[in-house]
Amino acid sequence: SDDVIARTDGVTASFLKELLRKAAVVAAESDAGGSGAITVTSTHLSTALDGLLGERNALTRALLGGPGGPAAASPVMSVASPAPFPGVSR
(Lines give C-alpha, C1' and ligand atoms only; values in the text may rest on other atoms or scores of the structure.)
Protein backbone atom coordinates (compact mmCIF):
# COMPACT_ATOMS: atom_id res chain seq x y z
CA SER A 1 0.00 0.00 0.00
CA ASP A 2 1.17 3.54 -0.73
CA ASP A 3 0.48 4.50 2.90
CA VAL A 4 2.88 1.87 4.25
CA ILE A 5 5.53 2.88 1.73
CA ALA A 6 5.23 6.55 2.68
CA ARG A 7 5.32 5.80 6.41
CA THR A 8 8.47 3.67 6.08
CA ASP A 9 10.47 6.09 3.96
CA GLY A 10 14.07 6.13 5.18
CA VAL A 11 13.88 3.17 7.57
CA THR A 12 16.60 0.53 7.75
CA ALA A 13 16.48 -2.99 6.37
CA SER A 14 16.27 -4.26 9.97
CA PHE A 15 13.14 -2.19 10.55
CA LEU A 16 11.54 -3.57 7.37
CA LYS A 17 12.46 -7.12 8.36
CA GLU A 18 10.78 -6.65 11.74
CA LEU A 19 7.75 -5.06 10.05
CA LEU A 20 7.32 -8.09 7.79
CA ARG A 21 7.78 -10.47 10.72
CA LYS A 22 5.15 -8.66 12.77
CA ALA A 23 2.78 -8.49 9.79
CA ALA A 24 3.07 -12.28 9.37
CA VAL A 25 2.27 -12.74 13.06
CA VAL A 26 -0.76 -10.45 12.76
CA ALA A 27 -1.92 -12.41 9.69
CA ALA A 28 -1.45 -15.75 11.45
CA GLU A 29 -3.36 -14.57 14.51
CA SER A 30 -6.23 -13.24 12.42
CA ASP A 31 -6.52 -16.58 10.60
CA ALA A 32 -6.43 -18.76 13.73
CA GLY A 33 -8.15 -22.01 12.92
CA GLY A 34 -8.09 -21.24 9.20
CA SER A 35 -6.60 -23.08 6.27
CA GLY A 36 -3.03 -23.06 7.57
CA ALA A 37 -1.74 -20.85 4.77
CA ILE A 38 -0.76 -17.35 5.84
CA THR A 39 -1.53 -14.45 3.51
CA VAL A 40 -0.21 -11.05 4.56
CA THR A 41 -2.38 -8.18 3.36
CA SER A 42 -1.89 -4.41 3.40
CA THR A 43 -4.20 -4.33 6.45
CA HIS A 44 -1.80 -6.66 8.30
CA LEU A 45 1.16 -4.47 7.26
CA SER A 46 -0.61 -1.32 8.47
CA THR A 47 -1.50 -2.93 11.80
CA ALA A 48 2.08 -4.11 12.32
CA LEU A 49 3.45 -0.68 11.35
CA ASP A 50 1.08 1.05 13.76
CA GLY A 51 2.50 -1.16 16.49
CA LEU A 52 6.11 -0.46 15.59
CA LEU A 53 5.54 3.29 15.35
CA GLY A 54 3.52 3.50 18.56
CA GLU A 55 4.78 5.45 21.57
CA ARG A 56 5.59 2.29 23.50
CA ASN A 57 8.02 1.07 20.83
CA ALA A 58 10.52 3.94 20.87
CA LEU A 59 13.34 1.55 21.85
CA THR A 60 12.49 -0.79 18.97
CA ARG A 61 12.60 2.13 16.53
CA ALA A 62 15.92 3.28 17.95
CA LEU A 63 17.46 -0.18 17.69
CA LEU A 64 16.07 -0.98 14.24
CA GLY A 65 16.57 2.48 12.72
CA GLY A 66 12.96 3.48 12.48
CA PRO A 67 11.64 7.02 12.14
CA GLY A 68 11.68 9.20 15.24
CA GLY A 69 14.22 7.14 17.15
CA PRO A 70 17.22 8.78 18.85
CA ALA A 71 19.49 7.55 16.04
CA ALA A 72 17.38 9.55 13.57
CA ALA A 73 17.97 12.75 15.53
CA SER A 74 21.73 12.30 15.68
CA PRO A 75 23.43 10.56 12.76
CA VAL A 76 26.69 10.16 14.69
CA MET A 77 26.71 8.10 17.83
CA SER A 78 29.74 7.85 20.09
CA VAL A 79 30.59 5.11 22.50
CA ALA A 80 32.92 5.72 25.39
CA SER A 81 35.68 3.17 25.76
CA PRO A 82 34.99 0.77 28.58
CA ALA A 83 36.92 1.05 31.79
CA PRO A 84 39.54 -1.68 32.16
CA PHE A 85 38.82 -4.54 34.49
CA PRO A 86 40.43 -4.28 37.93
CA GLY A 87 43.94 -5.68 37.80
CA VAL A 88 44.15 -5.51 33.99
CA SER A 89 46.47 -2.94 32.44
CA ARG A 90 46.32 -1.65 28.90
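Residues numbered from 1 in each chain as written. Predicted model: local features only at pLDDT ≥ 70, side-chain atom pairs only at ≥ 80, totals over all residues. Heavy atoms only, no water.

*Asks:* What's the story with the nonpolar core in this structure? I'm lost.
*Replies:* Across soluble globular proteins, nonpolar side chains show a tendency to be buried alongside one another. Core analysis: the largest hydrophobic core is formed by nine residues, namely V4, V11, F15, L19, A23, L45, A48, L49 and L52. Counting only elements with at least two residues in this core, the list comes to α2 (13–30) and α3 (42–53). Of the residues forming this core, the biggest block, four residues, is contributed by α3. (Core = buried A, V, L, I, M, F, W, Y, C linked by side-chain atoms within 4.5 Å. Buried < 20%, exposed > 50% of the residue type's maximum accessible area, 1.4 Å probe, protein only. Helix = DSSP H or I, 4+ residues; strand = E, 2+ residues; numbered from the N terminus.)

*Asks:* How should the environment of V25 be read in this particular structure?
*Replies:* Tracing the backbone shows V25 in helix α2. On the basis of relative accessibility, which here comes to 36%, the residue V25 falls in the partly exposed class. Distance in space between the C-alpha atoms of V25 and H44 is 8.7 Å, their sequence separation being 19 residues.

*Asks:* Could you clarify how one ought to interpret the packing of α2 against α3 in this entry?
*Replies:* In contact at an axis separation of 8 Å, α2 and α3 are set at 120° when each is read in the N-to-C sense. With respect to α3, the element α2 is oriented oblique. Where α2 crosses over α3, the handedness of that crossing is right-handed. Contact with α2, carried on its side by F15, E18, L19, L20, K22, A23, V26, A27 and S30, involves H44, L45, T47, A48, L49, L52 and L53 of α3 and no other residues of that element. Tallied by class, residues from the contact of α2 with α3 come to 11 nonpolar, three polar and two charged. (Axes fitted to C-alpha atoms, helices over the stretch in contact; angles between N-to-C directions. Parallel < 35°, antiparallel > 145°, perpendicular 65-115°, else oblique. Left-handed = near helix turned anticlockwise from the far one by under 90°. Contact = heavy atoms within 4.5 Å. Nonpolar A, V, L, I, M, F, W, Y, C, P; charged D, E, K, R; others polar.)

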